[in-house]
Amino acid sequence: MSVKKIKPDNPGSCRPIPHHPFFEHSKKQASFIECIDAIDRVGAMVELCDFLNMESDTEAGLSPKAAFGYFWVLVMMRETISYVSDRLMALNRQQREKHQRKAAYLSALLMSLPTLGGVNRDRFLNSVAVNMNISRTELDQFIRKTMKT
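Residues numbered from 1 in each chain as written. Predicted model: local features only at pLDDT ≥ 70, side-chain atom pairs only at ≥ 80, totals over all residues. Heavy atoms only, no water.

Undergrad: Help me understand unusual backbone geometry in this model?
TA: Peptide bonds are mostly trans, and most non-glycine residues show a negative phi. Positive phi is not limited to glycine here, since N133 has a value of about 60 degrees. By secondary structure assignment, the location of N133 is in the loop between α3 (118–132) and α4 (136–148). (Helix = DSSP H or I, 4+ residues; strand = E, 2+ residues; numbered from the N terminus.)

Undergrad: Even after reading the chapter, I still don't get the packing of aromatic side chains, so can you show me in this structure?
TA: To describe a pair of aromatic rings, you give the distance between the ring centres and the angle between the ring planes. Inspection of every chain in the model, using the stated rule, returns two aromatic pairs. Aromatic pair F71 and W72: ring centres 5.0 Å apart, planes at 80 degrees, arrangement edge-to-face. With a relative accessible area of 43%, W72 lands in the partly exposed category. Aromatic rings pair up to connect F68, F71 and W72 into one cluster. (Phe/Tyr/Trp six-rings, centres within 6.5 Å; stacked < 30°, edge-to-face > 60°. Buried < 20%, exposed > 50% of the residue type's maximum accessible area, 1.4 Å probe, protein only.)

Undergrad: Please clarify how the confidence of the model for the protein chain should be interpreted in this entry.
TA: Any segment with low pLDDT has predicted coordinates that should not be analysed in fine detail. For the protein chain, the average pLDDT comes to 77, and 78% of its residues sit at 70 or higher. At the low end of the mean pLDDT range in the protein chain sits α4, at 83; at the high end sits helix α2 (residues 64–112), at 87. Across residues 1–18, confidence stays below pLDDT 50; counting only partners more than four residues off in sequence or on other chains, it has one contact. (pLDDT = per-residue confidence, 0-100. Contact = heavy atoms within 4.5 Å.)

Undergrad: Explain the nonpolar core to me, please; I cannot follow it from the model alone.
TA: Generally speaking, soluble globular proteins have nonpolar side chains that are buried together. The biggest cluster of nonpolar side chains holds 10 residues, and these are F22, F23, A30, C35, A38, V42, C49, V73, M77 and V84. Those elements that place two or more of their residues in this core are α1 (32–51) and α2. It is α1 that provides the largest number of residues to this core, a total of four residues. In contact with M77, other than residues within four places in its own chain, are F22, V42, M45, V46 and C49. Within the second largest apolar cluster, six residues are counted, among which are L110, L113, L125 and L139. (Core = buried A, V, L, I, M, F, W, Y, C linked by side-chain atoms within 4.5 Å.)

Undergrad: Quick question: what am I supposed to make of α4 here?
TA: Given 3.6 residues per turn, any residue in an α-helix points the same way as the ones three and four places further on. Look at α4: 18 Å from first C-alpha to last across 13 residues, which is about the 18 Å you get at 1.5 Å a residue. Along α4, the residues that are buried comprise L139, D140 and I143. Seen from one end, α4 has its buried residues packed into an arc of 100 degrees, which puts them on one side. Of the exposed residues in α4, the ones pointing more than 90 degrees away from its buried face are K145 and K148. Buried-residue contacts for α4 involve α2 and α3. (Expected span 1.5 Å × (residues − 1). Arc of directions from axis to C-beta.)

Undergrad: Please explain the pattern of salt bridges as it appears in this structure.
TA: Side chains bearing opposite charge may pair, as long as their charged atoms lie close to each other. The full count for this structure, using the stated rule, is two salt bridges. A salt bridge links R136 to D122; the shortest N-O distance between them is 3.2 Å. A residue pair is termed long-range when its members are at least 10 positions apart, and R136 in helix α4 and D122 in helix α3 qualify at 14 residues. For R136, a relative accessible area of 21% translates into the label partly exposed. We note a salt bridge from R136 to D140, for which the minimum N-O separation is 3.0 Å. Residue R136 and its partner D140 are both found in helix α4; the two are separated by four residues, about one turn of the helix. (Salt bridge = Lys/Arg side-chain N within 4 Å of Asp/Glu carboxyl O.)

And the structure:
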């Protein structure tokens, strides 16, 4: 006996696939904050599961459906932690690369400062200090410290 597949008249009327409960507002790859929130949710689920009395001799134990559900909750938590770990490593790598690019730009800029003439150099550094909302003295100290290392 073959089962007939029912094709809905309106594809929009089908229920969408539900979002992962630990990433309910995430539409693409999870952000850092969404990963931290997922860890908190997994932690809450672990606490909830710790309260379940699975080894009681006086009670009948879990029904097959409850045991099946519990199994999938554990799988979901394990997979979430694995995903979050991978995602946080990727986000960390992206952040490190971004900082390395910035450091390279700043290094090139600092190395080129001596080539500017005295007046142009002062004008440039005064403008940088104003834009950074720091004093010119603080900027000069930063440059001296950075050039030594």
